[in-house]
Amino acid sequence: MHVSLPTKRSTRAAVALLAAGALMLTAAGCGGDDGDTVSGGPPPNTVQLPNLKGQKLQVTAVWTGTEQENFTKVLKEFEKRTGAKVSFVPSGDDMAGFVGSKVAGGAPPDVAMVGQVGVMREFAQKGWAKPLDAPARAQLAKNFSKGWQDLGSYQGKPYGVYFKASNKSLLWYNTSAFDYAGAKVPKTWPEFLKEAQLVSDSGTDAVAVGGQDGWTLTDWFENVYLSQAGPEKYDQLAQHKIKWTDPSVKKALETLAELWGTKGLVAGGRGGALHTAFPDSVTKTFGDKAEPEAGMVFEADFVAANVADAGAELDQDAQVFPFPAVGADAPVVTGGDVGVALKNTKAAQALLTFLASPDAGTIWAQSGGFISANKNVKFSAYPNASMRKIAQALIAAGNDFRFDMSDQAPASFGGKPAQGEWKALQDFLKNPRNVDGIQRQLERDAAKAYKN
């Protein structure tokens, strides 16, 4: 997923819907409906696409499993409308490395769905990514706020379509575990730790952490840091205008250590968490609805798809609440996957035009585990009240957001397994007492990646 994104630009590239989005989401946690009728019918047909019969495209993304299956539904509709044949190739977590190897071999995929804005801009800088053509730009301007358009641009020129967005400030809880423990939905970090301890004392480890996937740990840090240090500091750290040895980073790590370093709060202990992949962290929480291995799991709205895979029902077995306020405001950090053309062909541009339309977004929205930043995807397309409320909060934010910090960083720091921020925070999960050492490690890696 997986997150990622630098240039730190005129656009406020790091996304936080603060209190407003959190309040809307709280309402969703109460199970309220917006009155729309869920649509399971055919998607709208609002965009004109060229006849591409006989043409072939290859698309790559990090998505596997349910996410890949749902994206394939979108590609099948594109094939139906254009006559093109589309093949999908998973990139693995290292999108930059995967595309780089394909470019070096002279055979890049036609379109890449990139999870890091920093990587997208590196592709544009190197000439690998191609600017959007007029029809794709028209759909982008019609359907997306300026903030999302700017995130997909490099040096003022549109390159990408943010097809899949995510609210990365959510905690999902097993209702049976909470009921048994007598736990309540917390609003602040101290309340969260208190309720987590209640769950742990009842015999269930409190929180499943998918520490094998380093990007989940960056999301934990970003939510704590944004809420605690505030948007201005967040932007400065995202651009490496302040160092990772800054006192604000120390404070955020010490706050995280209150959770990660307390026995019984992390499912399977810290060692178990480091061997738990993200999908397995959701299974630990919802795979056995009555006797789960964990009471809660943290991650973005795409958890909904994993909840379904685990056999649980959203709004019944699983409910969701906003990341608790560590400082004055609860954070909402967003991420997203941006589609870019790596070949300047009619077919590649047509696919991006389709992805920028409400037609494509509606298809995945109906399947669940997906949020669109496209303001013309109807909320009624989402399959349940919780997902509709999450989508409403994202659209209501307009241009007022902060994007995932690690996704803004150069790939070598914020977007690759076993190095940079991913590795440093895994080391911190292993030993939450080593705050100063991890800060120095983060700063050393960041200075090398940002070259400043």
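Residues numbered from 1 in each chain as written. Predicted model: local features only at pLDDT ≥ 70, side-chain atom pairs only at ≥ 80, totals over all residues. Heavy atoms only, no water.

Attention shifts here to the pattern of salt bridges. In the structure shown here, the tally under the stated rule is 15 salt bridges. Put simply, Glu 77 and Arg 81 hold a salt bridge, and the shortest N to O gap is 2.9 Å. A residue pair is termed a helical-turn pair when its members lie 3 or 4 positions apart in one helix, as Glu 77 and Arg 81 do in helix 2 (residues 65-82) at four residues. Asp 219 is the salt-bridge partner of Lys 168, the closest N and O atoms lying 3.1 Å from each other. Within this pair, whereas Lys 168 is found in the loop between strand 6 (160-167) and strand 7 (170-174), its partner Asp 219 is found in helix 9 (residues 214-229), the two being separated by 51 residues in sequence. A residue is classified by how much of its surface remains accessible, and Asp 219, at 0% relative accessible area, is buried. Here the residues in one salt-bridge network are Glu 77, Arg 81 and Asp 359, joined through shared partners. (Salt bridge = Lys/Arg side-chain N within 4 Å of Asp/Glu carboxyl O. Helix = DSSP H or I, 4+ residues; strand = E, 2+ residues; numbered from the N terminus. Buried < 20%, exposed > 50% of the residue type's maximum accessible area, 1.4 Å probe, protein only.)

As a further point, take the pairing of strand 6. In terms of burial, strand 6 is largely enclosed, as eight of its eight residues are buried. Where strand 6 lies against strand 11 (residues 333-341), seven bridges are found, and the strand directions are antiparallel. Across the sheet, the residue bridging to Val 161 is Gly 339, located in strand 11. (Pairing = 2+ DSSP bridges.)

What follows deals with the domain arrangement of the chain. Here the domain parsing of the chain yields domain 1 (8-167 + 334-403) and domain 2 (170-331 + 409-450). Taking the mean C-alpha position of each, domain 1 and domain 2 sit 25 Å from one another. Between domain 1 and domain 2, the contact holds 34 residues from the first and 31 residues from the second. Summing the contributions of domain 1 and of domain 2, the shared interface buries around 2600 Å²; its carbon and sulfur component is 60%. Our count for the domain 1 to domain 2 interface comes out at two salt bridges. Close ionic contact of Arg 402 with Asp 235 constitutes a salt bridge, the shortest N to O distance being 2.7 Å. Counting the contacts that link domain 1 with domain 2 gives six residue pairs in polar contact (both at pLDDT 80 or more). Broken down by class, the residue content of the side of domain 1 that touches domain 2 amounts to 16 nonpolar, 11 polar and seven charged. (Domains from an automatic or database assignment. Contact = heavy atoms within 4.5 Å. Buried area = accessible area lost by both parts, 1.4 Å probe. Polar contact = N/O pair within 3.5 Å; in protein donor to acceptor, adjacent residues only side chain to side chain. Nonpolar A, V, L, I, M, F, W, Y, C, P; charged D, E, K, R; others polar.)

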